[in-house]
Amino acid sequence: MTEPNGNGVLKGSFKVKAGLAEMLKGGVIMDVVTPEQAKIAEDAGACAVMALERVPADIRRDGGVARMSDPALIKGIKAAVTIPVMAKCRIGHFVEARILEALEIDYIDESEVLTPADEENHIDKHPFKVPFVCGCRDLGEALRRIAEGAAMIRTKGEAGTGNVVEAVRHMRAVNNGIRRLHGLSHAELVHEAKQIGAPVDLLAECQRLGRLPVVNFSAGGISTPADAALMMQLGCDGNFVGSGIFKSEDPLKMAKAIVTATTYHDQPEVLAEISAGLGQPMRGLEIPQIPKEELLAARGW
Amino acid sequence: MLALQGAFKEHERALQAIGARTRLVRLPAELDDLDALVIPGGESTTMTILMERMGLWEPVRKALSEGLPALATCAGMIVLARDITDGVNGQHGFGLLDIAVRRNGYGRQVHSFEAPVRVEGLDHEFPGVFIRAPFVEDTGTADVYAVQDDQPVGVRQGRLTALCFHPELSGDLRLHREFVNAL
């Protein structure tokens, strides 16, 4: 590795944090629990991997407190691939985040999939050099996370279910939240900011841009190429796929197909071809069958 | 715009802002009648895999080797290069730029940086945004077009321009304008 020399070198600015998310766009970020899985993800064309001890489906099954992964596991996965490696820390657990930063993880997911460490405060993400991605269910939640310093957003969906319905609900909620801003006067914008619990300046920026000021991926329940393409057509910038790949019958085949579907999301002929003969996707859960206290999306606020 | 993965929309926005017409390229037929191709930043492995999977690799290589001008940024530079260090096993470029690059040669994301860049033909420094950027180890027969401190961060060879940094994220349209004006 070579350090840049010379005048005016600035590391860890919001521009380079949000900039990496721009480079991930149109891609698929895959949950992996071993270096071997990370290699499969890279060979399938993943634009990044999320290093975890257990995929969300197993976290959901096992119960108990879910924490940051073992640094030894994260190092093993980092050594196995050349693409960016992300890892999760608990909501509000800024020490786990500092450990992940020290490990030179490329992105931290402050994630509701792990057990929250703080029921009032998320991490103040501004002082970190490493960028953060955070989950959201609607525009207000997305803008609260950006105000705390998140450089990338993802919809929460309902992780580990293999059911895309919550991801769709959350993506549509973000889109509707932005659409509602069209034509509002400044006074009305202040009122809207109060209603949805979002900072006025960020809301004004959304109104001006007609979109979120940072990249927005979808996540939580995406488990087929058609799911991935659906989320892209609903306007997300790329897909996180957790349990959907390595809980399917043929992970390499499924991973390749989901990568291709994310790029060719608006070409039904390509989707038809790549969706054929993939084997069984992960089994999946109906949301109403999950006890309310076990819903992950309700964590964080 | 090669639109398989990465920051192609930012290039599209920059080019449209200076009055250029743009088209996204994801299938071989979409290469027809282009005046130039942008190969954006993103993950070079993902782009290479998708080009090979969808039958784009050879048509794009052929078009560029027959003189189609290109502006390549970051991952795009890797795709054009002769030699790639620290790539995935067997990762190869088009070999159309006689340069050797080290993938993520400046380090992982926590080492990503902004720094002023001196570009040939520009009076003032250009705001360079370097994100897990490739490091140019050897410029071979290519011309050095941009430097950060004394290190080459932009090269030109024939009608190909390749940059380690991201003008499409800088809000500065000078390099896009210069590229289009030279067509």
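Not measured: the values here are computed from a predicted model.

What counts, and where the lines are drawn
- Residues numbered from 1 in each chain as written.
- Chains lettered and ligands numbered in written order.
- Predicted model: local features only at pLDDT ≥ 70, side-chain atom pairs only at ≥ 80, totals over all residues.
- Heavy atoms only, no water.
- Helix = DSSP H or I, 4+ residues; strand = E, 2+ residues; numbered from the N terminus.
- Rg over C-alpha atoms; globule rule 2.2 N^0.38 Å.
- Buried < 20%, exposed > 50% of the residue type's maximum accessible area, 1.4 Å probe, protein only.
- Contact = heavy atoms within 4.5 Å.
- Salt bridge = Lys/Arg side-chain N within 4 Å of Asp/Glu carboxyl O.
- Pairing = 2+ DSSP bridges.
- Phe/Tyr/Trp six-rings, centres within 6.5 Å; stacked < 30°, edge-to-face > 60°.
- Axes fitted to C-alpha atoms, helices over the stretch in contact; angles between N-to-C directions.
- Patch = residues over 30% accessible without salt bridge, like charges linked within 9 Å, V, L, I, M, F, W, Y side chains within 5 Å.
- Areas by Shrake-Rupley, 256 points an atom, 1.4 Å probe, with all protein chains shown as cover.

*Asks:* Looking at this model, I keep getting lost on the overall build of chain B. Mind explaining?
*Replies:* Regarding its fold elements, chain B presents 5 helices and 10 strands. The C-alpha atoms of chain B give 15 Å as radius of gyration, which agrees with the globular expectation for 183 residues (16 Å, within 12%). If you line up chain B on its principal axes, its C-alpha atoms span 40 × 40 × 30 Å. Relative to its full complement of 183 residues, chain B shows a buried share of 63%. Taking as baseline every contact in chain B between residues at least 6 positions apart, the subset at least 24 positions apart corresponds to 63%.

*Asks:* I would appreciate a short explanation of the interface of chain B and chain A in the present structure.
*Replies:* Size of an interface: often given as the accessible area lost when the parts come together. Chain B puts 48 residues into the contact, and the matching count from chain A is 53 residues. The tally of links from chain B across to chain A stands at 4 salt bridges. Among the salt bridges present, the one from A:Asp106 reaches B:Arg132, with a minimum N-O distance of 3.0 Å. For the side of chain B that touches chain A, the secondary-structure elements that each account for two or more residues are helix H1 (8–17), helix H2 (44–53), strand S5 (113–119) and strand S6 (126–130) of chain B. Top contributing element to the side of chain B that touches chain A by residue count: H2(B), with 5 residues. Across 2 bridges, the pairing between strand S1 (residues 10–11) of chain A and S5(B) is antiparallel. If you follow A:Lys11 over to S5(B), its bridge partner there is B:Phe113.

*Asks:* Teacher, can you tell me more about the packing of aromatic side chains here?
*Replies:* The relative placement of two aromatic rings is captured by the distance of their centres and the angle of their planes. Counted according to the given criterion, the structure contains 9 aromatic pairs over all chains. Seen in terms of ring centroids, A:Phe217 and A:Phe240 are 5.7 Å apart; in terms of plane orientation they differ by 65 degrees. Their pairing is edge-to-face. Taken together, the residues span a long stretch of sequence, with A:Phe217 in strand S8 (residues 215–217) and A:Phe240 in strand S9 (residues 239–241) at a distance of 23 residues. When the ring of B:Phe126 is compared with that of B:Phe165, the centres are 6.0 Å apart and the planes differ by 50 degrees; the resulting orientation is tilted.

*Asks:* Which parts of the structure should I look at to understand the pairing of strand S4 (residues 85–90) of chain A?
*Replies:* Residues in a regular strand point their side chains to alternate faces of the sheet. Residues and elements named next belong to chain A. A large share of S4 lies buried, amounting to 6 of its 6 residues. Alternating residues of S4 divide into Val 85, Ala 87 and Cys 89 and Met 86, Lys 88 and Arg 90, and every residue in both groups is buried. As paired strands, S4 and strand S5 (residues 107–111) are joined by 5 bridges and run parallel to one another. Its bridge partner lying in S5, Met 86 is registered against Tyr 107.

*Asks:* Explain the sheet that holds strand S3 (residues 48–51) of chain A to me, please; I cannot follow it from the model alone.
*Replies:* Two strands in a sheet stick together by hydrogen bonds in their backbones, pointing the same way (parallel) or opposite ways (antiparallel). Residue and element names in this part refer to chain A. Taken together, 8 strands build an open sheet; the order of strands is S8-S7-S6-S5-S4-S3-S2-S9 and the sheet is parallel. In this open sheet, the two edge strands, each paired with only one partner strand, are S8 and S9. Neighbour-to-neighbour, the strand axes of this sheet turn through a mean angle of 30 degrees, independent of strand direction. With respect to the sheet, helix H2 (residues 35–44) is in contact with strand S2 (28–32) and S3, its orientation differing from that of S2 by roughly 165 degrees.

*Asks:* What exactly am I supposed to notice about a nonpolar patch on the surface here?
*Replies:* Residues and elements named next belong to chain A. Judged by side-chain polarity, Phe 94, Val 95 and Ile 99 come together as a nonpolar surface patch covering roughly 270 Å² of accessible area. Positionally, Val 95 belongs in helix H5 (residues 94–102). The exposure class assigned to Val 95 is partly exposed, which follows from its relative accessible area of 43%.

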